[in-house]
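A structural walkthrough
The lines below spell out each chain.
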Amino acid sequence: MSEFIEADDMALLAASFEAVMAEAPGPGEADQALFDLGWAELLAAAPGPAAAMVFSALGATGSAATLLDDVVAHALGMPISPDVCVLLPASLHAERAAPQSDEPRIFNQEEPLEISGLVSSRIDRAATVVTVWDKESGPEFTSFEAGFLRNRGATGVDPAHAYRHLSVRVAAHFLTPLEAEATWETAVAAARVALAHQLIGGARWMLAEARQHALDRVQFGRPVASFQSIRHKLAESLVQIEGAASVAGACVHDPDPMLAALAKSLAGQAALTTAAHTQQVLAGMGFTAEHRFHLWLKRMLVIDTLFGSASSLPTEIGQDLLTRGTAPRLIQL
Amino acid sequence: MEPEIFRRDLGAWLDANADELTPPYEGLASMDVSMEHYSRVKRALYDADFGRYGWPESVGGLGGTPLLRAIVGEEINFRDLADPNAWTMIEVLAPTVIDFAPPELSARLVPPFIRGDEMWCQGFSEPDAGSDLASLSCRAAKTDGGWVVNGQKIWTSFIEYSQRCVLLTRTGEPDSAHRGITAFLVDVDSPGISYSPIETMHGRTDFAEVQFDDVFVPADRILGEENGGWQVAMDILPYERSTTFWHRGALLHRRCSDLITQVAASGDHDTAAAKAIGQAFQSIVAFRSRSRDTQHQLAAGQQLGVETSVDKILITSAEQQLFEAARDLLLGVIEFDEGLTAAQWRTDYLYSKAASIYGGTAEIQRNIVARRLLDLGPEA
C-alpha cells in the first residue's frame with residue numbers, strides 16, 4: 001500500500017498527526033488519540049513511510065506518545081495495540097549494558113526470572129508486556145501481564161516521556177512464550193529508523209528555535225545572528241541534520257540493518273550537536289525552565305540512548321565492518 | 001537506460017577488459033604515465049559506448065541522464081582504474097561549456113574531451129582572488145575580431161596536458177565585482193600563455209600558476225554573454241558538486257574499505273579502533289546518501305543551487321575524518337613506512353588537507369548555508 005500513499009496525502013496526514021500530538025495533555029491521551037486517528041492501520045499498511053512521518057512529528061512536537069512499542073511489536077509480527085508494551089532488554093538497548101560474560105540470561109526454569117530493561121510509560125496502562133531473552137540459541141520472545149509493573153521505577157531525566165529502567169523477578173509460570181514472525185534484528189532496525197526520524201524532527205525544532213532567537217536577540221547593537229561564530233554553529237547543525245535525514249530517508253526503502261544503525265547514529269549525533277549549539281545560542285534563556293528547549297534536550301538524551309547511541313553505535317558498526325573485512329556498498333544510485 | 005542495468009553491463013565490461021584497463025603501474029605513477037593511462041581508459045569507454053551515455057547527442061554522446069556518467073566514474077573509482085582528479089575535470093567543465101557555448105563550438109570541441117583525446121583546465125582563481133572570486137582582475141579587452149587577455153591565474157590543474165582552458169576574465173570596471181566578468185574557452189597553445197608548476201605538500205604537481213601576456217581570444221570563444229561570466233561560474237558549481245563529488249565519494253568508500261581490510265588483517269584492534277572506523281564509514285555513508293539525493297534531483301532536471309554546499313561540507317568532513325582515522329589506526333605508517341601502500345596513505349592523508357580549501361573553503365560553505373539556507377540575514 002505504501003506506493004498508494006502519495007506525498008501530498010502524507011503531508012496532510014502529518015498535519016493531522018502533529019495537531020493531535022500537540023493537543024494531547026499526556027502520553028496516554030496522545031496514544032489514544034493517535035490510535036483513533038488511524039495510527040495502527042497506517043503502520044500496518046506502510047510501516048516505513050508511516051514511521052518516518054509519525055516519528056518526525058513526535059520529534060517536532062515533543063509529544064511523549066509511546067508509539068515505539070507499536071513499531072517493535074509490528075516488526076515482530078505481533079498485534080499493534082495500546083494494550084501491548086515492549087520491554088527493551090538492557091543487553092540490547094545500549095552497549096554499556098551488554099552482557100560481559102557467557103552467563104545464560106535465563107535461569108533455572110523453577111526459579112523466578114530476572115527481567116531488566118527499559119519500558120515506556122505505556123507500562124502504566126498496558127495489559128501485556130512483550131520482551132525478548134538474549135539466549136545462546138538466539139533471541140526468544142515471551143509475554144506476561146503488565147499489571148504488577150504499573151507506576152514503578154524512577155522516571156529519570158525526562159519525566160514527561162517516562163521511559164524507565166525496571167529490574168524485576170517474575171515467576172516462570174507467569175511467562176507465555178511467543179512466536180515472532182521476524183527476527184529481533186528486524187525489530188531493532190525498524191526501531192532505530194523510527195527513532196532516527198524522531199531525533200531529526202527534534203533537531204529541526206531546536207534549530208528553528210535557535211535561528212529565531214539569533215535573529216531576535218540584539219547585542220552590541222545588532223542581531224546576534226550576524227556574528228559568524230553563531231552562523232557557523234547553526235550551519236554545522238543544519239549540515240548534520242541533512243546528512244542524517246538523507247540516510248534515515250534511504251532506510252524507508254532499504255531494510256538493511258547496518259543502514260538503520262548508521263541512520264540512528266547519525267541522527268543522534270546531529271541531535272546532540274544541534275542541542276549543544278542551540279543551548280549556546282539561546283544562552284541564559286536556554287538554561288531556564290521557562291524556555292521549552294530543556295524539554296527537547298532531555299528528550300534527545302533519552303531517544304539517543306534507546307537502541308544504541310551516537311556514542312555506542314559507531315563501535316558496533318565498526319566491529320561489524322572489521323568482521324566483514326570490507327565496507328559494503330549500502331547506497332546505490 | 002535503467003541505471004541498474006547500465007551498472008551491471010558496465011561492470012561486466014570492466015571485468016572482461018581488466019587487462020587493458022588496469023593501470024600498468026602500482027601505486028602512484030608520474031603524472032605523465034597516469035595521464036597517458038587516463039586517456040587510454042577514457043578512449044576505451046568511449047569506443048565501447050559506456051563513455052558516451054549521459055552526454056547529449058549534439059556533442060557525440062548517446063543521451064540519457066547524468067546518472068549514467070555518475071555510475072561510470074563511480075565504477076572507475078571503485079576499481080581504481082584511472083587518476084581520480086583527471087576524471088573530475090570533464091564533469092566540472094564539459095556540462096557548463098555545453099550549456100553556454102554556441103552549439104557549433106561545443107559540437108566541435110567537446111567530443112575530443114569526452115573521448116579522452118583532449119584534456120581541459122580551469123582558470124578561475126587568482127593570487128588575489130581566492131575565496132573572494134568576484135574580485136578577480138585578469139583583464140580581457142576588446143580588439144578586432146576578439147579579445148586580448150592579460151593577467152594571472154593560479155591553482156590551474158593539468159594545464160601541462162590541456163588543450164583548452166575555461167577562463168574567467170574582468171571585462172567590466174575594476175570594481176564591477178560579479179557584474180563585470182566574462183568567460184571564455186581559450187586554446188592553451190595560444191601565443192602569450194605561459195605557466196609554471198606549483199609543488200604541493202603531497203608531492204604531486206597537479207597545479208600551475210598561469211601567466212597571460214597579450215593573449216588573443218577569438219570573439220566566438222565567449223561562453224555566455226559579455227559580462228555574464230558569473231552565471232557561467234555559478235553554473236559549474238552544481239555539476240562539480242553532484243557528479244564529481246559522487247565519484248570522489250566512491251574513492252573515499254574504497255579507501256575506507258582498504259583501511260578496514262588492513263586493520264582487520266592485522267588482527268590487532270580494540271574498541272577505539274572499531275569506533276574510529278565506524279565513525280569514518282558513517283560520515284562517508286551520510287555524504288553518499290546526500291549525494292545520491294542530489295544526483296536524482298539533477299537527473300530529474302531540477303536546478304541545483306546553494307543547497308549543494310551541504311554536500312561539500314559533508315564530503316570534506318568525511319574525507320578528513322577517514323584519513324585521520326587511517327593515521328591513528330595505521331600507527332606510524334604515514335610517518336615512517338616505505339612501500340607503495342604507505343606512500344598511498346601518506347599522499348591521501350596530505351591531500352585530504354586540501355579538501356576544506358578547494359572549491360570554496362569550509363568557512364565560505366558555512367557562510368553560504370547560514371545566509372542562503374538558514375536565512376540568517378547579513379553578516380556583521
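Every value quoted in this text rests on a predicted model; they were computed, and no experiment measured them. (Residues numbered from 1 in each chain as written. Chains lettered and ligands numbered in written order. Predicted model: local features only at pLDDT ≥ 70, side-chain atom pairs only at ≥ 80, totals over all residues. Heavy atoms only, no water.)

Counting secondary structure elements, chain A contains 11 helices and 8 strands. The C-alpha radius of gyration of chain A comes to 20 Å, within 12% of the 20 Å expected for a compact globule of 333 residues. Dimensions of chain A, computed from C-alpha atoms along their principal axes, come out at roughly 75 × 50 × 45 Å. Scored against the burial criterion, the 333 residues of chain A give a buried share of 55%. (Helix = DSSP H or I, 4+ residues; strand = E, 2+ residues; numbered from the N terminus. Rg over C-alpha atoms; globule rule 2.2 N^0.38 Å. Buried < 20%, exposed > 50% of the residue type's maximum accessible area, 1.4 Å probe, protein only.)

With respect to the element layout, A:Ser81 can be found in the loop between α5 (68–75) and β1 (84–89). In contact with A:Ser81, not counting residues within four places along its chain, are A:Phe35, A:Asp70 and A:Arg122. (Contact = heavy atoms within 4.5 Å.)

Next up on the list: the pattern of salt bridges. In this structure the tally under the stated criterion is 37 salt bridges over all chains. The shortest N-O distance in the salt bridge between A:Asp31 and A:Arg122 comes to 3.4 Å. Of this pair, A:Asp31 sits in helix α2 (residues 27–37) while A:Arg122 sits in the loop between β2 (113–119) and β3 (128–135), and the two are 91 residues apart along the sequence. A residue is classified by how much of its surface remains accessible, and A:Asp31, at 2% relative accessible area, is buried. Judged by its relative accessible area of 0%, A:Arg122 falls in the buried class. Here B:Arg327 and B:Glu335 are joined by a salt bridge, their closest N and O atoms 2.6 Å apart. For B:Arg327, a relative accessible area of 33% translates into the label partly exposed. Where salt bridges share partners, they join A:Arg329, B:Arg7, B:Asp15, B:Glu74, B:Glu75, B:Arg79 and B:Arg288 into one cluster. (Salt bridge = Lys/Arg side-chain N within 4 Å of Asp/Glu carboxyl O.)

Facing 49 residues of chain B, the contacting portion of chain A comprises 44 residues. Between chain B and chain A the total buried area reaches about 4,100 Å² when both faces are included, carbon and sulfur atoms providing 65% of it. When residues of chain B are sorted by the area they lose upon contact with chain A, B:Gln282, B:Leu374 and B:Leu376 head the list and together hold 17% of the total. For A:Arg329, the salt bridge identified is with B:Glu75, shortest N-O distance 2.6 Å. Linking chain B with chain A are 23 residue pairs in polar contact (both at pLDDT 80 or more), by the criterion used here. (Buried area = accessible area lost by both parts, 1.4 Å probe. Polar contact = N/O pair within 3.5 Å; in protein donor to acceptor, adjacent residues only side chain to side chain.)

Quick look at helix α1 (residues 3–16) of chain B now. Residue and element names in this part refer to chain B. For α1, spanning 14 residues, the distance from its first C-alpha to its last is 20 Å, which sits close to the expected 20 Å at 1.5 Å a residue. Taken together, the buried positions of α1 are occupied by Pro3, Phe6, Arg7, Leu10, Gly11, Trp13 and Leu14. An end-on view of α1 places all buried positions within 165° of arc, on one side of the element. Set apart from the buried face of α1 by more than 90 degrees, the exposed residues are Glu4, Arg8, Asp15 and Ala16. Buried residues in α1 make contact with α2 (18–21), α3 (31–47) and α4 (67–79). (Expected span 1.5 Å × (residues − 1). Arc of directions from axis to C-beta.)

A separate point is the pairing of strand β2 (residues 139–143) of chain B. All names here are of chain B. Across 5 bridges, the pairing between β2 and strand β3 (residues 146–157) is antiparallel. Bridge pairing in β3 places Ala140 opposite Val149. Joining the antiparallel neighbours β2 and β3 is a turn of 2 residues, in which Gly145 adopts a positive phi near 75°. (Pairing = 2+ DSSP bridges.)

Next up on the list: the side chain of A:Ser237. Residues and elements named next belong to chain A. Structurally, Ser237 is set in helix α8 (residues 228–251). Using a relative accessible area of 1% as the deciding quantity, one classes Ser237 as buried. Dropping the residues within four chain positions of it, Ser237 is found in contact with Leu207, Thr273, Thr274 and His277.

Ranked by internal contacts, the top residues of the largest apolar core, which has 188 residues, are A:Trp39, A:Phe307, B:Leu45 and B:Phe281. Top element by residues in this core is helix α7 (residues 184–216) of chain A. It accounts for 17 residues. Within the second largest apolar cluster, 18 residues are counted, among which are B:Ile159, B:Cys165, B:Ala208 and B:Val217. (Core = buried A, V, L, I, M, F, W, Y, C linked by side-chain atoms within 4.5 Å.)

Next up on the list: the state of the cysteines. A full pass over the atoms with the stated rule returns 0 disulfides over all chains. In this structure A:Cys251 is a free cysteine whose sulfur lies 18 Å from that of B:Cys256, the closest cysteine sulfur available. Lacking any disulfide linkage, B:Cys138 is separated from the closest cysteine sulfur, that of B:Cys165, by 9.3 Å. Overall, B:Cys138 belongs to the buried group, its relative accessible area being 1%. (Disulfide = S-S within 2.5 Å.)

To continue, consider a nonpolar patch on the surface. A grouping of A:Val157, A:Leu272 and A:Leu301 is seen on the molecular surface, where their side chains present a nonpolar patch of about 210 Å² in accessible area. On the secondary structure map, A:Leu301 appears in helix α10 (residues 293–305). (Patch = residues over 30% accessible without salt bridge, like charges linked within 9 Å, V, L, I, M, F, W, Y side chains within 5 Å. Areas by Shrake-Rupley, 256 points an atom, 1.4 Å probe, with all protein chains shown as cover.)

So, on to the packing of α5(A) against α7(A). Residues and elements named next belong to chain A. Direction vectors running N to C along α5 and α7 enclose 150°, while the axes themselves pass 8 Å from each other. The orientation of α5 relative to α7 falls into the category roughly antiparallel. Along this stretch, α5 crosses α7, giving a crossing that reads as right-handed. On α7, the residues that touch Leu68, Val71, Val72 and Ala75 of α5 are Trp184, Thr186, Ala187, Ala190, Ala191, Ala194 and Leu195. In terms of residue class, the contact of α5 with α7 is built from 10 nonpolar, 1 polar and no charged. (Axes fitted to C-alpha atoms, helices over the stretch in contact; angles between N-to-C directions. Parallel < 35°, antiparallel > 145°, perpendicular 65-115°, else oblique. Left-handed = near helix turned anticlockwise from the far one by under 90°. Nonpolar A, V, L, I, M, F, W, Y, C, P; charged D, E, K, R; others polar.)

Note: α-helices contain 3.6 residues per turn, so residues at a spacing of three or four share the same orientation. Residue and element names in this part refer to chain B. With 29 residues, helix α8 (residues 271–299) should reach 42 Å at 1.5 Å per residue; the first-to-last C-alpha distance of 41 Å fits that figure. Burial of α8 is extensive: 21 of the 29 residues sit out of reach of the surface. Gly301 lies just past α8 and shows a positive phi near 80°.

Residue and element names in this part refer to chain A. Taken domain by domain, chain A holds domain 1 (7–65), domain 2 (84–178) and domain 3 (184–324). Counting from both sides, the interface comprises 5 residues of domain 1 and, opposite them, 5 residues of domain 2. Between domain 1 and domain 2 the total buried area reaches about 390 Å² when both faces are included, carbon and sulfur atoms providing 45% of it. When residues of domain 1 are sorted by the area they lose upon contact with domain 2, Pro27, Asp31 and Ala64 head the list and together hold 68% of the total. Counting across the interface, domain 1 meets domain 2 through 2 salt bridges. Linking Arg125 and Asp31 is a salt bridge whose minimum nitrogen-to-oxygen distance equals 3.3 Å. Across the domain 1-domain 2 interface, the total number found is 2 residue pairs in polar contact (both at pLDDT 80 or more). (Domains from an automatic or database assignment.)

Helix α9 (residues 308–329) of chain B packs onto α8(A) with a crossing angle of 85° between their chain directions and a minimal axis gap of 10 Å. Considered as vectors, α8(A) and α9(B) are oriented roughly perpendicular to each other. Contacts from A:Glu236, A:Val239, A:Glu242 and A:Gly243 in α8(A) reach B:Val310, B:Ile313 and B:Leu314 in α9(B). Residue classes in the contact of α8(A) with α9(B) are distributed as 4 nonpolar, 1 polar and 2 charged.

As a further point, take the pairing of strand β5 (residues 181–187) of chain B. Residues and elements named next belong to chain B. Within β5, 7 of the 7 residues are buried, which leaves it mostly tucked inside the rest of the structure. Here strand β4 (residues 164–170) runs beside β5; their pairing, made up of 7 bridges, is antiparallel. Within the sheet, the bridge partner assigned to Arg164 lies in β5 and is Asp187. When β5 meets strand β8 (residues 222–223), the two strands line up antiparallel, connected through 2 bridges.

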